[in-house]
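Here's the letter readout for the chains.
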Amino acid sequence: MAKAKFEGISVKSVAVCHGPEKRTAEDETELFAGAPEQLQRVRDFVGIQTRWLASRGVTTLDLGESAVRRLLAEGVLDLEKIQAVIFVTQTPDHFQPCNANLLHGRLGLAKEVLVFDVNQGCSGWIYGLYLASSLLAGGGCGQVLLLAGDTVSQCIHPRDRTLRPLFSDACAAALVERDSGGRPWCFDLGSDGKGAGAICIPAGAHRQAAGGEAAEEKMDAEGNVRTAENLFMDGMEVFNFTLREEPRAIKGLWEWAGIDPEEIEAFVFHQANLFILQNLAKRLKIPMEKVPHQTLRDFGNQSSASIPAVWCYELGKTLEQRGVKMVSSGFGVGLSWASLAGEIGPLSWAGIFPYDAR
Amino acid sequence: MTDKGTKFMRELEETLDILQEDTLTPETRFRDLPGWDSLASLTTLSVFDEVYSHQVSGEELKKCETIGDLLSLAPEEKGE
């Protein structure tokens, strides 16, 4: 597992733009027709009350641009100082060109700015911070604009009861910069490509084209319907993977970094579902009070935007006042995982808001 | 069966809302449990890992007909 330590780098401001269409339990009753108690069980299990979806035709790029424009409106971002843009997404507008190039055009950034996409999901925010840190530490950049998000809800079949109650659409944008006052950041990143099939959209890219057989609806043993163009997730394998890798990786990181877990104020996990978060807390012997999960309850699983969403929604007011010692950790599609132990903040601004098409 | 087998059954009864206290035995069939579903399966994997520090895959669990079949997958139970 790759481990790295950076000093003199800080996040300065974060904005998360989420889909405007609210979904609550009432919207899922039809999906669980005739089994309301099953719906309640699922909701208690996953710990999600409200989800927010992007409207059809609104993409991750739109949400991301909106997040950047909010930072501009708040006066906490100067586009002329940006030297690189990293866009982490698995739901880009096109196969070619990448979202970062499209955003470069929309924002009218200078031609000297380097931009690229990163294809990662739930671990993507930390992958993005690691890459931003690398560009800042040795890549000749002084300020990096990092975006991460997905419109996962649009990849899920309407009659997939296992996945539909989980996912929301959102994109985060953050200014990351060189800062002599920045506290040490310690990263751990890893992958298990043999498990790639556990979270996968089988068709629609180059291995299997969209349409034809790929578009045929199939029902699994539990009555869930999906096509090969929809997101598939093997819940049990993903659960086992998470409990196998995450506790080990996080313990390894705090030992390597010489961090006393007692001093960590918050363990900001990717907001996958409540069952996973409770199990991680138990395995790591940390109290749930230190594991934010209101973001999960009120916004659902926001893929790579979920960690910055916690920073904004649950820790934002504190982060605007002072730095917070935390571990932030994402895990999922790849399979991949990535953790950052270090102080985040103080931030000049942190906020989460719904997309407004205007 | 070791003490951990008993511990596993009691903890599963406590964790899983569809179960009553002291009702599970090694002979209990998963498919006979009312409300047995994928959430119950996940909970079972979780309690098993907690008690035995050993992971069982979803495929392995699906092949288990009874609680006893599952318990026999724990390295500690194989020694008995």
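Residues numbered from 1 in each chain as written. Chains lettered and ligands numbered in written order. Predicted model: local features only at pLDDT ≥ 70, side-chain atom pairs only at ≥ 80, totals over all residues. Heavy atoms only, no water.

**Here we look at the interface of chain A and chain B**
Counting from both sides, the interface comprises 16 residues of chain A and, opposite them, 19 residues of chain B. For the pair chain A and chain B, the summed buried surface comes to about 1500 Å²; carbon and sulfur atoms form 54% of the total. Of the charged contacts, one joins Asp37 of chain B and Arg41 of chain A as a salt bridge, the two residues approaching to 2.8 Å between their closest N and O atoms. Run the count over chain A and chain B and you get eleven residue pairs in polar contact (both at pLDDT 80 or more). With seven residues, helix 5 (residues 235–257) of chain A is the largest single contributor of residues to the side of chain A that touches chain B. Its residues assigned to classes, the side of chain A that touches chain B comprises six nonpolar, four polar and six charged. (Contact = heavy atoms within 4.5 Å. Buried area = accessible area lost by both parts, 1.4 Å probe. Salt bridge = Lys/Arg side-chain N within 4 Å of Asp/Glu carboxyl O. Polar contact = N/O pair within 3.5 Å; in protein donor to acceptor, adjacent residues only side chain to side chain. Helix = DSSP H or I, 4+ residues; strand = E, 2+ residues; numbered from the N terminus. Nonpolar A, V, L, I, M, F, W, Y, C, P; charged D, E, K, R; others polar.)

**As for the sheet that holds strand 14 (residues 266–269) of chain A**
Consider a sheet: its strands pair through backbone hydrogen bonds, and that pairing is either parallel or antiparallel. All names here are of chain A. One open sheet holds the five strands; their spatial order is 1-9-16-15-14, and the pairing between them is mixed. Whereas interior strands pair on both sides, the edge strands pair on one side only; in this sheet they are strand 1 (2–6) and strand 14. Taking each pair of neighbouring strands and ignoring which way they run, the sheet shows an average axis angle of 15 degrees. In the sheet, strand 14 pairs with strand 15 (residues 324–332) via four bridges, with the strands oriented parallel. (Pairing = 2+ DSSP bridges. Axes fitted to C-alpha atoms, helices over the stretch in contact; angles between N-to-C directions.)

**Notes on the sheet that holds strand 6 (residues 114–118) of chain A**
Residues and elements named next belong to chain A. Read across the sheet, six strands follow the order 6-5-7-8-2-17 without closing on themselves; strand pairing throughout is mixed. Each of the sheet's edge strands pairs with one partner strand only, and the pair in question is strand 6 and strand 17 (349–354). On average, each strand axis in the sheet is inclined to that of its neighbour by 15 degrees, with strand direction left out of account. Looking at chain direction, strand 5 (residues 84–88) and strand 6 are connected through five bridges and run parallel.

**Regarding the confidence of the model for chain B**
Of the residues in chain B, 98% reach a pLDDT of 70 or more, and the chain-wide mean stands at 90. When pLDDT is averaged over each element of chain B, helix 4 (residues 67–71) of chain B comes out on top at 95 and helix 5 (residues 75–78) of chain B at the bottom at 86. (pLDDT = per-residue confidence, 0-100.)

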